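Coordinates in review
Read off the chains here:
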2 protein chains.
Amino acid sequence: MADMITITRKELEDKLFRIFDPLHVSRDDSKLIADTLIQAEQWGVTSHGVLRVEHYVRCLQSGGILPEAAFTVEQQCGSWVRASANGGLGIPASCKATDLVIDLAKEHGIGVVNLKESHHNGAEGVYANKIAQAGMIGMVMSTGNPIMAITGSCEATIGNNPFAYAVPAGKYNTLMMDVAMSAVADGKVQVAKATGKLLDPGCILDKDGKPSVMPDDYLSGGVLLPFGAHKGYGLSVMVECMAGILSGAALTHDINSWNKTPGHCGNTGHIFIAMDISKMMAVADYEKSVETMIEQFKSAKKAEGVQEIFYPGELEHRRAAQVGENVNLLPSTWEKLELAAQYVGITL
Amino acid sequence: MADMITITRKELEDKLFRIFDPLHVSRDDSKLIADTLIQAEQWGVTSHGVLRVEHYVRCLQSGGILPEAAFTVEQQCGSWVRASANGGLGIPASCKATDLVIDLAKEHGIGVVNLKESHHNGAEGVYANKIAQAGMIGMVMSTGNPIMAITGSCEATIGNNPFAYAVPAGKYNTLMMDVAMSAVADGKVQVAKATGKLLDPGCILDKDGKPSVMPDDYLSGGVLLPFGAHKGYGLSVMVECMAGILSGAALTHDINSWNKTPGHCGNTGHIFIAMDISKMMAVADYEKSVETMIEQFKSAKKAEGVQEIFYPGELEHRRAAQVGENVNLLPSTWEKLELAAQYVGITL
């Protein structure tokens, strides 16, 4: 990948600090943002990585994200907490919710944290994976403003509401999945545009409700389609019911888009679920079964033309191992980062 | 539907009692089986209805299902229980797990029941819906023997591991979804065969790993494909991790197929999750938001050729309201029921 920009983790972190410092984001919160975005980049999930900083800066500058808002617990019933990000940054609030849900599960077995008045929080898989690394089963969901047509419709009716889970996988690290309910994620359309690629058929409708494979047709007023037709539709509704309504966050069209209304609190909702395996069996025994299953997958009979079968999360772990302490950024991501720096009057 | 066989709920229940009585299934358990299968039939989910009785009878007669096995709690940590069906019928054990998880959530807010040494339990949606009718969010998952190829493979590697959820929806009854992780469910292939229909492309591979649309190509040694490619694959693995491994049930190929080895305990696993909404907000307020969302869906701009947009579960509730106290059975289902009756030496 000769056209990628390679930078060390530490250097990138410093650049992010320099961007967020003048915006009154605490160093602790900036560190959480850096860790989360860099984890996504190292996994190769460029659509949910450093690309997003420019958006966060725009929202911070226009008052749609409050840099000093606290993460507060609003309600608690045993191992179930409803918390609020109070209009602050989505990533630091989600990191705090993740730590809290791990603590709740450690104490009670099962932990659940609902979070409202939050904002875009990057890749849900980062949080689910952190729960798995604590020896637990993690599940994370988030709402977003409507960008997807539900089955039978040709207009944006619901967010593409991502869903992630992760479980500890012993010598295979973790087994994890992080998917949007649309056939293609919004961020991936942006990456397709940046890299000059077409989309698969069945992923989007243009602004007139007609099928298209051109990223620009989505970006200029089009709409995403659910994956697996009514199944993706039904799952996006589940996320709205669990991460949105149950959290007390905004519902569908009341969620503010950071693109269209960066000056307003997104009020997205999230849910974090953790199950402490050790309460029911030795984590090593659980991991042994996961390893056995992974080995069955890897040795299954391959379809014609397939070189290797991957377990969920394997490609991400492999990419992260390859880059080590480095991060490879797409040139378009670097440009966005330079733009963010320019907004706050610095050069990278 | 002139070719359907219409029977009252009561008459059908009596016929089921007459089939299960000689097999030493208690009247209470037979009632739970009848209620569960009839609910699926009334929803129009024929693939998970009375069709299945013939299988259950074969397993009972060959010792693969123990009619008098008890549902036992094996382990408890707060609101989280690991239970066993001890090789008994899947439906009664799942009904008991559903009642238990509702009680756990009533007491603690969140309840989770893992169930092992179970068997086929019909439609997961029936249990999730029962949890929703108690004013809670319900989530249910089940493992099954491998009948689906994972992404990159052309042989059966994992079950199509169904997933269901349901939430209370006020005047719209409940919002619910029950889906298999395959592009088409095993039972639906059987219904396609019975009704002489072809499958959609991308649903199955034949025994040589070649794509096909003929139901028989799956039924004679073929394999199902995941829905949404790697997304359906990843979700089927999640179900295996949560409903199977975490329950202490058999893993993938160790799960016995009721078709191929009816004389052995299936040892499928299930997980039942309930969240008592009232612990965090008034259920009426929750339902109000769900109603608003449903009304947004119903009034969304329709795609060309679409008459009406449905919320998840709407078609099922509508079909159930239409039949009232009746059940409409497919002729092929009726034949299977007659076969089951014949096995136990009675006529219907």
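Here, the structure is the one placed above.
In what follows, the accompanying structure is described. What you see is a predicted model; the values in this text were computed from it and never measured.

1. So, helix H11 (residues 331-343) of chain B
Residue and element names in this part refer to chain B.
- Its 13 residues place the ends of H11 19 Å apart at the C-alpha level, agreeing with the 18 Å of an ideal helix rising 1.5 Å per residue.
- Those residues of H11 that fall on the buried side of the exposure criterion are Thr333, Trp334, Leu337, Ala340 and Ala341. Taken end-on, H11 shows its buried residues confined to a sector of 115°, consistent with a single buried face. In H11, the exposed residues that point more than 90 degrees away from the buried face are Glu335 and Gln342.
- Buried residues along H11 sit in contact with strand E1 (5-8), helix H1 (9-20), helix H2 (27-43), helix H3 (53-61) and strand E12 (326-329).
- Remark: Gly345 follows H11 within two positions and exhibits a positive phi of approximately 80°.

2. So, the relation of the copies chain A and chain B
- The two copies are related by a screw motion: chain A maps onto chain B through a turn of 180° and a shift of 0.0 Å along the axis, at an RMSD of 0.0 Å. Viewed as a symmetry operation, the transformation between the two copies matches a two-fold axis. Across chain A, the rotation axis passes nearest the C-alpha of Gly228 of chain A, at a separation of 2.5 Å.
- Mapped onto chain B, 100% of the interface residues of chain A are again interface residues, and the two copies thus contact each other with one and the same surface.

3. Considerations on the packing of aromatic side chains
- Per the counting criterion, the structure on display carries seven aromatic pairs over all chains.
- Plain terms: the ring middles of Phe227 of chain A and Phe227 of chain B are 5.3 Å apart, the flat faces sit at 15° to each other, and that makes the pair stacked. One end of the pair, Phe227 of chain A, is in the loop between strand E10 (223-224) and helix H8 (230-245); the other, Phe227 of chain B, is in the loop between strand E10 (223-224) and helix H8 (230-245), on a second chain.
- By relative accessible area, which is 3% here, Phe227 of chain A ends up buried.
- Positioned above the aromatic ring of Phe227 of chain A is the side chain of Lys231 of chain B, whose terminal nitrogen or guanidinium carbon lies 4.9 Å from the ring centre.

4. Side note on unusual backbone geometry
Residues and elements named next belong to chain A.
- A positive phi angle, near 25°, is found at Asn161, a position not held by glycine.
- Counting through the fold element by element, Asn161 comes out in the loop between strand E5 (136-142) and strand E6 (163-168).
- Since its relative accessible area comes to 0%, Asn161 is described here as buried.

5. Here's the deal with the pattern of salt bridges
Residue and element names in this part refer to chain B.
- By the definition in use, this model includes 37 salt bridges over all chains.
- In this structure, Lys193 and Asp216 form a salt bridge, with 3.0 Å as the shortest nitrogen-oxygen distance. One end of the pair, Lys193, is in helix H6 (residues 186-194); the other, Asp216, is in helix H7 (residues 215-219), with 23 residues separating them in the sequence.
- With relative accessibility at 46%, the residue Lys193 sits in the partly exposed group.
- Among the ionic pairs, Arg318 bridges to Glu308, the shortest N-O distance being 2.9 Å. Here Arg318, found in helix H10 (residues 314-323), pairs with Glu308, found in the loop between helix H9 (283-298) and H10; they are 10 residues apart in sequence, far enough to count as distant.
- Under the relative-accessibility criterion, Glu308 is labelled partly exposed at 32%.

About the thresholds
- Residues numbered from 1 in each chain as written.
- Chains lettered and ligands numbered in written order.
- Predicted model: local features only at pLDDT ≥ 70, side-chain atom pairs only at ≥ 80, totals over all residues.
- Heavy atoms only, no water.
- Helix = DSSP H or I, 4+ residues; strand = E, 2+ residues; numbered from the N terminus.
- Expected span 1.5 Å × (residues − 1).
- Buried < 20%, exposed > 50% of the residue type's maximum accessible area, 1.4 Å probe, protein only.
- Arc of directions from axis to C-beta.
- Contact = heavy atoms within 4.5 Å.
- Least-squares fit on C-alpha atoms with pLDDT ≥ 70 in both.
- Phe/Tyr/Trp six-rings, centres within 6.5 Å; stacked < 30°, edge-to-face > 60°.
- Lys NZ or Arg CZ within 6 Å of the ring centre and 35° of its normal.
- Salt bridge = Lys/Arg side-chain N within 4 Å of Asp/Glu carboxyl O.

All quantities given are derived from atomic positions and should not be read as evidence of function.
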